[in-house]
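Survey of secondary and tertiary structure
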Amino acid sequence: MKIIFTSSGEGWDAKIDPRFGRTDYILLYNEETEELSSIDNREIQDVAHGAGPKTAEKIFSLGADVLITGNGPGGNAAAILNKMPLKIYIKAGGMTIHEAYEAYKNNKLYEGE
Amino acid sequence: MRIAIASGKGGTGKTTLAVNLALFAAETEPVLLMDLDVEEPNGSIFVEGVLQSETAVYREVPRWDQSACTLCGKCSAWCAYNALLKLGDTILVMPNLCHSCHACSELCPAEALPMKQESLGKLSYLECGNLRFVESKLDIGLEQASPLIAESLKYADKMFSDIGFQIIDSPPGTACAMLSAVKTADFVVLISEPTPFGLHDLNLAVETIRQLSIPFGVVVNRDGIGNDDIYKYLEQEGIVLLAGIPNQRRIAEIYSQGGLLYKAIPEFRTSLDKVLRYAKGIR
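1. A few points about the overall build of chain B
A count of helices and strands for chain B gives 10 helices and 11 strands. Seen through its C-alpha atoms, chain B measures out along the principal axes to roughly 70 × 45 × 35 Å. Per-residue burial over chain B gives 51% buried out of 283 residues. In chain B, once contacts between residues fewer than 6 apart in sequence are set aside, the share between residues at least 24 apart is 73%.

Listed below in C-alpha cells is the structure:
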C-alpha cells in the first residue's frame, strides 16, 4: 500500500497538516519498501485560486491507495480525488505522522466521504 | 452620471434605496436602474415594469479535445486559477475555477483547448415610464458573479448610453462582485445601519471605495437602533452623511408589501432628494 499524509514537516515526527489544499508537505509512505518520502508543497502558499485541485493533481500523479489528512478536501479537490481508487481518512490533524499511521493500522481514523 | 448603491453588510437597504431613488428620479428625467446583485436580484419586486426583452449571457471556457491533445501538461502548469489539471492521460477542465482568460486555448501547442460558450446568466430589460430597468441574474450553481456583472455593464453601455442618469444596485460585501459593480460609477452611496456589525462592514466598504478613488457618501438606515458610533466614525473620517432613514414600523410594512417608500413617506422623499442633489453636485 502507498499511503499519503498531508504534513506540516518531513519525517515521522512531523504533525499532520489539517489543511488539504494548502498543506506544506505531502508525505508518501510505501509499505512494501518501507520508504517515507516527501514532496515540498509550500509553493501552494502563493496560489490564490484552486489550491485544492492543484494538490489533488499532485496526489493523483503519485498513484497512492490511502490519503490521511485533517479537515478533508473541499469539493473541487474531492472531484479529482474521486477519480482515483483512493481511500480517504480525515480528522488526523494534530497527530504526528507516526501516530496517524498507527491509528490507521488500528482502524481508528475517520473515513472521509 | 452613474451612481452605485453599495454596502459592506448585507440587508442594510441597498435595493430599497436604489429602487426608490431610481423611480423618484424618473419622475423628472430618464433613468436606468441596473440590478447587479446577480446572485439574488430582487429589485423587480418593486418595479412594475413591462418586459421588453431577455438576453442570454455567455462566457467562454476551454473544452478539452482529447484527439488533438499530446498530454504535454503545459496548460495545467500555466493556468493561474488551476482550472486545468492533468490527471494521468486526461486533462480535466474545472469551469467553476476558470476565469475565461483564454491563455490555455491560445498557447496550447496542439490547439487541443478550443473555447466554447457556456451559459452565465440572463438579462431582463423592463420599462416603467421614464425608467429603464435591467435585472441581471446569475445561473443557479455558478460561483463567479463578476463575469456576468462585467457583461451586464457592457450591455448597458451599448444599449443605454443615451440615458444620462444611471443607478446600480450592487452586490453586498467588498469582494470581486462588489468591485465589478461599482468600479465604473462616478459616485457611490454606501448604506449601512448604526450597529456594531453595520459600522464594521461600512469601514471595510469605505476602505474599498477609497482604493478605487471614487467619491462617496453614506446613508444611515434604521436610524434609532444600535448606538451612535457610526456617526462618530463618519465625523472622524470626514465622510459626508447624505441622509438618515428612521427605524419605523411603517417603513418595514410598506417594504414588505413591495411598496415604494417615497410615495408614502414625505421625509423619505426629502432624503432621496438630498442624495440626488449631492451626487449630481459631485460631477
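Back to the text.
2. Looking at the packing of helix H1 (residues 14-25) of chain B against helix H10 (residues 266-282) of chain B
Residues and elements named next belong to chain B. At their nearest, the axes of H1 and H10 sit 10 Å apart, and the two run at 80° to each other. It follows that H1 is roughly perpendicular to H10 by the angle criterion. On H10, the residues that touch Leu17, Asn20, Leu21, Phe24 and Ala25 of H1 are Phe268, Arg269, Leu272, Asp273, Val275 and Leu276. When grouped by side-chain class, the residues that make up the contact of H1 with H10 number eight nonpolar, one polar and two charged.

3. Section: the side chain of Asn221 of chain B
Within the secondary structure layout, Asn221 of chain B lies in strand E10 (residues 216-223). Engagement of the side chain of Asn221 of chain B in a polar contact is seen with the backbone oxygen of Thr12 of chain B, the distance being 2.8 Å.

4. As for the interface of chain B and chain A
Where interface size is quoted, it is often the accessible area lost as the parts come together. The interface of chain B with chain A comprises 15 residues on the first partner and 12 residues on the second. Regarding the contact of chain B and chain A, the summed buried area is about 1000 Å², with carbon and sulfur atoms giving 64% of it. When the buried area of chain B at its contact with chain A is split by residue, Asn82, Leu85 and Leu87 of chain B rank highest and sum to 44% of it. Viewed at the interface, chain A and chain B are joined by zero salt bridges. Those elements giving two or more residues to the side of chain B that touches chain A turn out to be helix H2 (74-78) and strand E4 (84-87) of chain B. With four residues, the single largest contributor to the side of chain B that touches chain A is E4 of chain B. Residue classes in the side of chain B that touches chain A are distributed as nine nonpolar, five polar and one charged.

5. Quick look at the pattern of salt bridges
All told, the structure shown has 20 salt bridges over all chains when counted by the stated rule. A salt bridge links Arg19 of chain A to Asp24 of chain A, with the shortest nitrogen-to-oxygen separation between them at 3.5 Å. Of the residues examined, Asp24 of chain A reaches a relative accessible area of 15% and is grouped as buried. Across the salt bridge formed by Arg2 of chain B and Asp157 of chain B, the nearest N and O atoms sit 3.0 Å from each other.

6. Thoughts on the environment of Asn71 of chain A
Its location among the elements puts Asn71 of chain A in the loop between strand E4 (66-68) and helix H2 (75-81). On the accessibility criterion, Asn71 of chain A (60% relative accessible area) is exposed.

7. Focus: the sheet that holds strand E6 (residues 115-128) of chain B
All names here are of chain B. A sheet is described by the order of its strands in space; here nine strands give the open sequence E3-E6-E7-E2-E8-E1-E9-E10-E11, paired in mixed fashion. Only two strands of the sheet have a single neighbouring strand rather than two, namely strand E3 (50-62) and strand E11 (241-246). Pairs of neighbouring strands in the sheet enclose a mean axial angle of 20°, with direction left out of account. Relative to E11, E10 is paired through four bridges, and the arrangement is parallel. Bridged to Val218 within E11 is Leu241. Taken strand by strand, helix H6 (residues 196-212) contacts strand E9 (187-192) and E10, and its axis lies near 170° from that of E9.

8. Some points on the nonpolar core
Residues and elements named next belong to chain B. Judged by nonpolar contacts, the single largest core of 41 residues is most densely connected at Met34, Val134, Ile149, Val188, Leu190, Leu202 and Ile209. In contact with Leu190, other than residues within four places in its own chain, are Ala6, Ser7, Leu202, Ala205, Val206, Ile209, Phe216, Gly217, Val218 and Val219. In this structure, Ala18, Phe187, Val189 and Ile191 belong to the second largest nonpolar core, which totals 39 residues.

9. Section: the side chain of Arg59 of chain B
All names here are of chain B. Tracing the backbone shows Arg59 in strand E3. With relative accessibility at 9%, the residue Arg59 sits in the buried group. A polar contact of 2.7 Å, which involves the side chain of Arg59, links it to the backbone oxygen of Pro95. Apart from the residues lying within four places of it in its own chain, the contact partners of Arg59 are Pro95, Asn96, Cys98, Ser100, Lys116, Gln117, Glu118, Leu120 and Gln144.

10. Digging into the packing of aromatic side chains
Using the criterion set out here, one finds 10 aromatic pairs over all chains in the structure. Measuring from ring centre to ring centre gives 5.2 Å for Tyr29 of chain A and Tyr101 of chain A, while their planes differ by 75°; the resulting arrangement is edge-to-face. Placement of the pair is Tyr29 of chain A in strand E2 (residues 25-30) and Tyr101 of chain A in helix H3 (residues 97-105), with a sequence separation of 72 residues. Judged on exposure class, the residue Tyr29 of chain A and its partner Tyr101 of chain A are both buried. Residue placement shows Lys91 of chain A over the ring face of Tyr110 of chain A; its charged tip is 4.4 Å from the ring centre. Looking at Lys280 of chain B, its charged tip hangs above the ring of Phe165 of chain B, at a distance of 4.6 Å from the centre.

11. Some remarks on the domain arrangement of chain B
Assigned domains within chain B: domain 1 (2-58 + 120-282) and domain 2 (64-113). Centre-to-centre separation of domain 1 of chain B and domain 2 of chain B, based on C-alpha positions: 39 Å.

12. Points about unusual backbone geometry
All names here are of chain B. The phi dihedral of Ser100 falls on the positive side, at around 55°, and the residue is not glycine. By the secondary structure assignment, Ser100 is in the loop between strand E5 (90-93) and helix H3 (103-107). Residue Arg222 is not a glycine yet carries a positive backbone phi of 55°. Here Arg222 is to be found in strand E10. With relative accessibility at 28%, the residue Arg222 sits in the partly exposed group.

Rules of the game
- Counting from 1, residues in each chain are numbered in the order their sequence is written.
- To read the labels, note that chains go from A and ligands from 1, taken in the order they are written.
- Since the coordinates come from a predicted model, pLDDT governs what is reported: local features require at least 70, and pairs of side-chain atoms require 80 or more to be given and counted, while whole-chain, interface and lining totals use all residues.
- Hydrogens are left out, water is left out, and the side-chain values use all remaining heavy atoms of the structure.
- Numbered from the N terminus, helices here are DSSP runs of H or I no shorter than four residues, and strands are runs of E no shorter than two.
- Whether a residue is buried, partly exposed or exposed follows from its accessible area with a 1.4 Å probe, protein chains only, as a fraction of its type maximum: under 20%, in between, or over 50%, in that order.
- We call two residues in contact whenever any of their non-hydrogen atoms come within 4.5 Å of each other.
- With axes taken as lines fitted to C-alpha atoms, and helix axes fitted only over the stretch in contact, angles between N-to-C directions fall between 0 and 180 degrees.
- An angle below 35 degrees is read as roughly parallel, one above 145 as roughly antiparallel, one from 65 to 115 as roughly perpendicular, and any other as oblique.
- Any residue that is not Ala, Val, Leu, Ile, Met, Phe, Trp, Tyr, Cys, Pro, Asp, Glu, Lys or Arg is counted as polar, Gly included; the first ten are nonpolar and the last four charged.
- Within 3.5 Å is the distance limit for a polar contact, defined as a pair of N or O atoms, with the added protein rule that one can donate a hydrogen and the other accept it, and that residues adjacent in sequence qualify only through two side-chain atoms.
- Two parts lose some accessible area (1.4 Å probe) when they are put together, and adding that loss for both gives the buried area.
- Just to be clear on terms, a salt bridge is a Lys or Arg side-chain nitrogen sitting within 4 Å of an Asp or Glu carboxyl oxygen.
- For two strands to be treated as a pair, DSSP must find no fewer than two bridges joining them.
- Here, nonpolar core refers to any group of buried Ala, Val, Leu, Ile, Met, Phe, Trp, Tyr and Cys residues whose side-chain atoms link them within 4.5 Å.
- For Phe, Tyr and Trp, where Trp contributes only its six-membered ring, two rings pair if their centres lie within 6.5 Å, and the inter-plane angle classes them as stacked under 30 degrees, edge-to-face over 60, or tilted in between.
- Consider the ring centre and the ring normal. A charge sits over the ring if Lys NZ or Arg CZ is within 6 Å of that centre and within 35 degrees of that normal.
- Bear in mind that the domain bounds are from an automatic or database domain assignment.

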